[in-house]
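What follows is each chain in one-letter form.
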Amino acid sequence: MNSHVQNTDNPIRTRFAPSPTGFLHIGGARTALFNWLLAKRHGGQFFLRIEDTDRARSTQAAVDAILDGLSWLGLDWDGDAISQFDRADRHVEVAHELLAKGQAFKCYCSPDEVQELRDQAFAEGRALRSPWRDRDPADAPADTPFTVRFRAPDSDVTLKDAVQGEVRWAAKEFDDLILLRSDGTPTYNLAVVVDDHDMGITHIVRGDDHLVNGGRQSQIYDALGWERPVFAHIPLIHGDDGKKLSKRHGALGAEDYRAMGYLPEGLRNYLLRLGWSHGDQEIFTDAEAIAAFDLSGLNKAPARMDMGKLNHINGHHLAQADDTRLAELVVPFLDGLENRIADAEITQQRLLAAMPVLKTRAATLAELAQQSYFLLKNRPFHLEGKAAKPLNDEARQRLYRLFTRLADLNGWTEKALTEELKNFAEAEEIGFGKVGQPLRAALTGGAPAPDLAQVMTFLGREEALDRIKDQMSADA
Ligand code: GLU
């Protein structure tokens, strides 16, 4: 157990706190995964809080996109998702608690005055301090709107971050933060602290774009006399060019990776390794990931998206996945493939028969669909160009002779078919290639495919013989 983990009387409670922006960002998915793993590792709990205080952006559709993304990734949360907006009253209550303790004050500065103070502070190399922090509230002008500001402490702020190490800010770097706006609504950092405290959150893993917030939030925890959680601010994900991941780099949402045909366990494993390491181990089952995950394995250097590695990891998980599940998951990826058999039952039959072999040859479900295509294409094939090349008159006559032998074959098994193909080549006094090439053209239309005896078992006797028959004469 590492030093950042609290004792077992205080079981670990983590959370993922996305702002609903319309999709689950791949970086958010990784943050969620790390928090989820940390909770699982220690038998704790993982919560979901939707930071939906920006009412313009927080549509139900935006929230649903996050819930769907997490569910697809298999990152289940404890209890119901919590709405930050719904807790506004509690945030206000805590702001009043800070007021009562003198840790916050009412500021009557007008926006123009604030701007002036801010400019002055900037010129002096410090953050804004409101004159009202030291003024007698009795001097407050009547009927003037006020904000509630946090009384920024005069001492430096130190944050012991599980990833960044000890981070220090001088007192003058933090302003008298607004806690309640002049319309009485709570602001972001107050809401986060109150929610994390009330939810009993012990560990916060999140992007290092929130590191400064970590400093501010620490001040608020201290002012309230609340125990700070353990913070772990992780570097953001960068593109393969080393720049911060953006639209320019391609897919940003977990949903995009799903649409490209990655499996949730493949993406999970990839994201795990993107910013966390455990020796050289690349491939993790969930059980292994849960057993190994710790904050000390989080990397301080930014991680780079590497599609090659993602494909490698996903391909591994694809090869391990259950055949029936894959045969179902691949179906939507078959949609774009032209002239495909309509019968869902036959589709499933052939996919299932071929899956143990096909799944070892693809990195994604999209590739798996491509690999499966030859099985599912309507016959007869009208072969042209390169695909038709192996089918000269001699080859067609040979297919005819092969057809008559195969039609009489007892038992349509890979073993029997392999034997028969060998015997046929011997009887014809030719090398296997001379049988193989036209037969492949007939069975697959020239598509790359596994071993031909296997292909014939995937197709089944009737379909395989029909495909050979289609190419036996030149008018096919
Ligand atoms: N809502 C913030 C975001 O989506 C996260 C805040 C936090 O994790 O404390 O970036």
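Here we summarise the structure given alongside this text.

Reading guide: rules and limits
- Residues numbered from 1 in each chain as written.
- Predicted model: local features only at pLDDT ≥ 70, side-chain atom pairs only at ≥ 80, totals over all residues.
- Heavy atoms only, no water.
- Near = heavy atom within 4 Å.
- Polar contact = N/O pair within 3.5 Å; in protein donor to acceptor, adjacent residues only side chain to side chain.
- Areas by Shrake-Rupley, 256 points an atom, 1.4 Å probe, with all protein chains shown as cover.
- Nonpolar A, V, L, I, M, F, W, Y, C, P; charged D, E, K, R; others polar.
- Core = buried A, V, L, I, M, F, W, Y, C linked by side-chain atoms within 4.5 Å.
- Buried < 20%, exposed > 50% of the residue type's maximum accessible area, 1.4 Å probe, protein only.
- Helix = DSSP H or I, 4+ residues; strand = E, 2+ residues; numbered from the N terminus.
- Contact = heavy atoms within 4.5 Å.
- Phe/Tyr/Trp six-rings, centres within 6.5 Å; stacked < 30°, edge-to-face > 60°.
- Lys NZ or Arg CZ within 6 Å of the ring centre and 35° of its normal.
- Expected span 1.5 Å × (residues − 1).
- 1 Å grid on protein atoms, 1.4 Å probe; cavity = no way out; pocket = protein on both sides within 12 Å on 5 of 7 lines; lining within 4 Å.
- Points joined across faces, edges and corners; volume = space filled by probe spheres on them.
- Salt bridge = Lys/Arg side-chain N within 4 Å of Asp/Glu carboxyl O.
- Pairing = 2+ DSSP bridges.

## A word on the site of the ligand
(1) Moving on: Around the ligand sit Arg15, Ala17, Pro18, Ser19, Glu51, Tyr188, Val192, Arg206 and His210, and those are all the residues in its vicinity.
(2) Moving on: Within the contact set of the ligand, a nitrogen atom lies 2.7 Å away from a backbone nitrogen or oxygen of Ala17.
(3) Moving on: If the ligand stood free it would expose 300 Å²; the protein chains cover 81% of that surface.
(4) Moving on: Looking at the shell around the ligand residue by residue, the classes come out as four nonpolar, two polar and three charged.

## Things to note about the nonpolar core
(1) Moving on: In this structure, Leu368, Leu406, Leu439, Leu443 and Met456 are the most contacted members of the largest nonpolar core, which totals 53 residues.
(2) Moving on: At the level of secondary structure, the elements contributing two or more residues to this core comprise α11 (323-329), α13 (344-358), α14 (365-376), α16 (393-407), α17 (414-427), α18 (432-444), α19 (452-459) and α20 (461-470).
(3) Moving on: Ranked by residue count, the leading element in this core is α14, at seven residues.
(4) Moving on: When near neighbours in sequence (up to four residues on either side) are disregarded, Leu406 contacts Trp412, Leu417, Glu420, Met456, Arg461, Leu465 and Ile468.
(5) Moving on: In this structure, Ala254, Tyr262, Leu271 and Leu310 belong to the second largest nonpolar core, which totals 51 residues.

## Side note on the packing of aromatic side chains
Ring pairs (aromatic) are described by centroid distance and by the angle formed between their planes.
(1) Moving on: A full pass over the atoms with the stated rule returns seven aromatic pairs.
(2) Moving on: Aromatic pair Tyr108 and Phe146: ring centres 5.5 Å apart, planes at 50 degrees, arrangement tilted. Here the residue Tyr108 occupies a position in the loop between β4 (104-107) and α4 (111-123), and Phe146 occupies one in the loop between α4 and β5 (147-150), the gap between them amounting to 38 residues.
(3) Moving on: A relative accessible area of 13% means that Tyr108 is categorised as buried.
(4) Moving on: Taken together, the ring pairs in this structure connect Phe34, Trp276, Phe284 and Phe293 into an aromatic cluster.
(5) Moving on: Directly above the ring of Phe85 sits Arg55, whose terminal nitrogen or CZ lies 3.7 Å from the centroid.
(6) Moving on: If you follow Lys377 out to its NZ or CZ, it ends over the ring of Phe381, 5.2 Å from the centre.

## Side note on helix α2 (residues 60-73)
(1) Moving on: Under the 1.5 Å per step criterion, the end-to-end length of α2 is 20 Å for 14 residues, consistent within 8% with the ideal 20 Å.
(2) Moving on: Residues of α2 that are buried include every one of Ala62, Val63, Ile66, Leu67, Gly69, Leu70, Trp72 and Leu73, and no others.
(3) Moving on: Positive phi appears at Gly74, one or two residues downstream of α2, with a value of about 75 degrees.

## Description of the environment of Leu358
(1) Moving on: Mapped onto the elements of the fold, Leu358 is located in helix α13.
(2) Moving on: Judged by its relative accessible area of 0%, Leu358 falls in the buried class.
(3) Moving on: On a C-alpha basis, the gap between Leu358 and Leu263 in space is 16 Å, while along the polypeptide they are 95 residues apart.
(4) Moving on: Sequence-distant contacts of Leu358, that is, excluding residues within four places in its chain, are made with Leu368, Gln371, Ser372, Leu375 and Pro450.

## A look at empty space enclosed by the protein
To find leftover empty space, one rolls a probe the size of a water molecule over the atoms.
(1) Moving on: Within the structure shown, the criterion is met by one cavity of 30 Å³ or more.
(2) Moving on: Lining the largest cavity, in full, are Leu33, Leu37, Glu265, Arg268, Asn269, Leu272, Phe284, Thr285, Asp286 and Ala289.
(3) Moving on: Counting residues per element, the ones that place at least two in the lining of the largest cavity are α1 (26-41), α8 (264-273) and α9 (286-292).
(4) Moving on: In terms of residue count, the dominant contributor to the lining of the largest cavity is α8 (four residues).
(5) Moving on: The residue makeup of the lining of the largest cavity, split by class, is five nonpolar, two polar and three charged.

## Remarks on the pattern of salt bridges
(1) Moving on: Considering all chains together, one arrives at 33 salt bridges under this definition.
(2) Moving on: Residue Asp175 pairs with Arg118 through a salt bridge whose shortest N-O separation is 3.9 Å. In this pair, Asp175 sits in the loop between β7 (165-169) and β8 (178-180) while Arg118 sits in helix α4, placing the two residues 57 residues apart along the sequence.
(3) Moving on: Residue Asp175 is classed as buried on the basis of its relative accessible area of 12%.
(4) Moving on: A salt bridge links Arg168 to Glu166; the nearest nitrogen and oxygen atoms lie 3.8 Å apart.
(5) Moving on: Through salt bridges with shared partners, a single network forms among Arg15, Arg49, Glu51, Arg87, Arg90, Glu93, Asp195, Asp196 and Asp198.

## Here we look at the layout of surface pockets
(1) Moving on: One number sums up the size of the largest pocket: a volume of about 700 Å³.
(2) Moving on: What lines the largest pocket is a set of 28 residues, and nearest its centre among them are His25, Gly27, Gly28, Asp209 and His210.
(3) Moving on: Of all the elements in the fold, those that place two or more residues in the lining of the largest pocket are β1 (13-16), α1, α5 (188-198) and β9 (203-207).
(4) Moving on: Broken down by element, the lining of the largest pocket gets its largest block of residues, four residues, from α1.
(5) Moving on: Counted by class, the lining of the largest pocket contains 13 nonpolar, eight polar and seven charged residues.

## Some thoughts on the sheet that holds β1
(1) Moving on: Taken in spatial order, the three strands of this open sheet run β1-β2-β3, and their pairing is parallel. The open sheet is flanked by β1 and β3 (82-83), the only strands paired with a single partner.
(2) Moving on: The pairing of strand β2 (residues 45-50) with β3 spans two bridges and is classified as parallel. When the sheet's bridge partners are listed, Ile50 is paired in β3 with Ser83.

Function cannot be read off these values alone, since they describe shape.
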